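Breakdown of the fold
Chain by chain, the residues:
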Amino acid sequence: MLTTERQSIIVDLLKEKQTVTIQDMIEATEASESTIRRDLTEMEKKKLLKRIHGGATWTEQKIREMSVLEKSTKNLQDKKRIAQYAASLVEEGDCVFLDAGTTTYQMIPYLKHKDVVVVTNGLNLVERLMEHEITAYLTGGKMKAKTSAVVGTQTINSIKSYRFDKCFLGVNGFDITYGYTTPDPEEASIKQTARSYALKAYALADPSKAGKVNFAKICELNEATLITGSLPKEILQKLDAMKTIEVIQT
């Protein structure tokens, strides 16, 4: 079993039971005690859990996913500014991937009069794309109700059949050390795949995502241009100091 799969099982146990013993983790993963202890050490360093005697307790904010409804009302004005700027980067004739998300959703009205083709795994984007008469393709895969995303192996294989000029990814956190992250490993895999099949990748994140680390890593900060709002001076200085990171503030 891969490390990511094993750690995902541990997270599921923590979400279900709040506190889990090492023995429970061994039985669930069929891994050795030494392997589980290494996993717990690594996951605690990432602040994904807190180790206790004989087991671990969960750290909710790293693995909790908000629903589309919850996310759509948070930092809405920032999201609209970010979305408008992101849409301005799309050129006539582009083929683009729009990730499932509430900021990518806000991009759609600004694409209305452009001759573009959109591929998306966002169920929440479909009706709005149709409303604005934008040529669009929806990936296959498993429908995930909470985030209105389509995920899974079918989704990844569908994305691999396209080549994108640009892709726009929603992220739940960005951090200099841990890069772009999201709570769900399946959604992280979708974002990773779309990025690798695009000539240019953009991560859309309002300033509230700065310094936040979630369970599943998408990529390093320098592997996608960050489009965000006005950042605190100390965070901006750290990003500027890393010359390979491209940041656009709206």
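Details of the structure are given in the entry above.
Structure report, in brief. Just so it is clear, the structure is predicted and the values come from calculations on it, not from any experiment.

**Structural notes on the overall build of the protein**
The secondary structure content of the protein amounts to 11 helices and 15 strands. For the protein, the spread of C-alpha atoms along the principal axes amounts to about 60 × 40 × 30 Å. Of all intrachain contacts in the protein linking residues separated by at least 6 positions in sequence, the fraction that spans at least 24 positions is 60%. Element-wise, carbon and sulfur atoms account for 49% of the exposed surface of the protein, whose accessible area totals about 12,400 Å². Here the protein carries 35 positive and 33 negative side-chain charges, and the mean point of each set is 4 Å from the other.

**Regarding unusual backbone geometry**
Not every positive phi belongs to a glycine, and Glu 30 is a case in point at roughly 60°. Topologically, Glu 30 is positioned in the loop between helix H2 (22-29) and helix H3 (33-45).

**Some remarks on the nonpolar core**
Counting residues in each nonpolar core, the largest one holds 30 residues, and the members touching the most others are Phe 97, Phe 174, Tyr 180 and Leu 239. Going through the elements one at a time, strand S8 (149-151), helix H9 (153-160), strand S9 (164-170), helix H10 (185-196), strand S12 (198-204) and strand S13 (216-219) are the ones with two or more residues in this core. Those residues within four positions of Leu 239 in sequence are excluded, and the remaining contacts are Phe 174, Ile 176, Leu 221, Leu 226, Leu 231, Ile 245 and Val 247. Within the second largest apolar cluster, 21 residues are counted, among which are Ala 87, Leu 98, Val 118 and Tyr 202.

**Observations regarding the sheet that holds strand S11 (residues 179-182)**
With respect to topology, 3 strands assemble into an open sheet ordered S10-S11-S13, the strand pairing being antiparallel. Sheet topology places strand S10 (173-175) and S13 at the edges, where each strand pairs with a single neighbour. With strand direction ignored, the average angle separating the axes of adjacent strands in the sheet is 35°. Inspection of the sheet shows S11 paired to S13 by 3 bridges, in the antiparallel sense.

**Looking at the sheet that holds S9**
Taken together, the 7 strands give an open sheet; going across it, the order is S6-S5-S4-S9-S12-S14-S15, and neighbouring strands pair in parallel fashion. Bordering the open sheet on either side are strand S6 (135-138) and strand S15 (247-249), each of which pairs with just one other strand. With strand direction ignored, the average angle separating the axes of adjacent strands in the sheet is 20°. Here S12 runs beside strand S14 (residues 225-228); their pairing, made up of 3 bridges, is parallel. Each residue of the ladder has a partner; that of Tyr 202, found in S14, is Thr 225.

**With respect to the packing of H9 against H10**
Where H9 contacts H10, the axes come no closer than 9 Å and their chain directions differ by 10°. Classed by the angle they form, the pair H9 and H10 counts as roughly parallel. Residues Thr 155, Ile 156, Ile 159 and Lys 160 of H9 lie in contact with H10, whose contacting residues are Ser 189, Ile 190, Thr 193 and Ala 194. For the contact of H9 with H10, a count of residues per class yields 4 nonpolar, 3 polar and 1 charged.

**Concerning the environment of Asp 206**
Along the polypeptide, Asp 206 turns up in the loop between S12 and S13. For Asp 206, a relative accessible area of 2% translates into the label buried. Side-chain polar atoms of Asp 206 contact the side chain of Ser 208, separated by 2.3 Å.

**Here we look at the pairing of S14**
A two-sided burial pattern is seen for S14, the buried positions comprising Thr 225 and Ile 227 on one face and Leu 226 and Thr 228 on the other. Pairing of S14 with S15, which is carried by 3 bridges, proceeds in the parallel orientation. Bridging across to S15, Ile 227 finds its partner in Ile 248. Running through helix H11 (residues 233-241), the crossover from S14 to the neighbouring parallel element S15 is right-handed.

**Here we look at the packing of helix H1 (residues 3-17) against H2**
In the contact formed by H1 and H2, the axes pass within 10 Å of each other and the chain directions differ by 130°. What the angle tells us is that H1 and H2 run oblique. Considering only the axes of H1 and H2, their crossing is right-handed. Touching Arg 6, Ile 9, Ile 10, Leu 13 and Lys 17 of H1 are Asp 24, Met 25, Ala 28 and Thr 29, all from H2. Tallied by class, the residues present in the contact of H1 with H2 amount to 5 nonpolar, 1 polar and 3 charged.

**So, the pattern of salt bridges**
What the rule picks out here adds up to 12 salt bridges. When the shortest N-O distance is used, the salt bridge between Arg 81 and Asp 78 registers 2.5 Å. Taken together, the residues Arg 81 and Asp 78, both in helix H6 (residues 76-88) and 3 residues apart, mark about one turn of the helix. Arg 81 gets classed as partly exposed once you look at its relative accessible area, which sits at 43%. Residue Asp 78 is classed as buried on the basis of its relative accessible area of 19%. A salt bridge links Lys 144 to Glu 187; the nearest nitrogen and oxygen atoms lie 2.9 Å apart. Within this pair, whereas Lys 144 is found in strand S7 (residues 142-144), its partner Glu 187 is found in helix H10, the two being separated by 43 residues in sequence. For Lys 144, a relative accessible area of 15% puts it in the buried group. Classification of Glu 187 as buried rests on a relative accessible area of 6%.

Calculation rules
- Every chain is numbered independently, its residues counted from 1 as its sequence is written.
- Given that the model is predicted, a residue must reach a pLDDT of at least 70 before its local features are reported, and side-chain atom pairs must reach 80 or more before they are shown or counted; all residues, however, enter totals for whole chains, interfaces and linings.
- The side-chain figures draw on all heavy atoms in the structure; neither hydrogens nor water molecules are used.
- Under the scheme used here, helices are H or I runs from DSSP no shorter than 4 residues and strands are E runs no shorter than 2 residues, and both carry numbers assigned from the N terminus.
- By definition in these notes, contact holds between two residues if any of their heavy atoms fall within 4.5 Å.
- All accessibility values rest on the Shrake-Rupley procedure with a 1.4 Å probe; residue burial counts only the protein chains present in the view.
- We score Asp and Glu as negative and Lys and Arg as positive, and we do not count His or the chain ends.
- Charge placement uses NZ in Lys and CZ in Arg. For Asp and Glu, CG and CD serve respectively.
- Remark: nonpolar core denotes a set of buried residues (Ala, Val, Leu, Ile, Met, Phe, Trp, Tyr, Cys) joined through side-chain atoms within 4.5 Å.
- Exposed residues in this analysis have more than 50% of their type's maximum accessible area, buried residues have under 20%, and partly exposed residues fall in between, with area computed by a 1.4 Å probe over protein chains only.
- In this analysis, strands are considered paired if DSSP registers two or more bridges between them.
- Comment: axis = line fitted to C-alpha atoms, over the contacting stretch for helices; angle = value between 0 and 180 degrees taken between N-to-C directions.
- Angles below 35 degrees are treated as roughly parallel, those above 145 as roughly antiparallel, those between 65 and 115 as roughly perpendicular, and all remaining angles as oblique.
- For this classification, Asp, Glu, Lys and Arg are treated as charged, while Ala, Val, Leu, Ile, Met, Phe, Trp, Tyr, Cys and Pro are nonpolar and the rest, including Gly, are polar.
- Throughout this description, a polar contact denotes any pair of N or O atoms lying within 3.5 Å of each other; where both atoms belong to protein, one of them has to be capable of donating a hydrogen while the other can accept it, and for residues adjacent in sequence the pair is counted only when both atoms sit in side chains.
- The handedness rule is simple: strands pointing away from the viewer, and a clockwise path from the first strand over the helix to the second, make the crossover right-handed.
- Definitions for this section: a left-handed crossing has its near helix turned counterclockwise from the far helix by less than a right angle. A right-handed crossing has that turn clockwise.
- Definition used for salt bridges: Asp or Glu carboxyl oxygen within 4 Å of a side-chain nitrogen of Lys or Arg.

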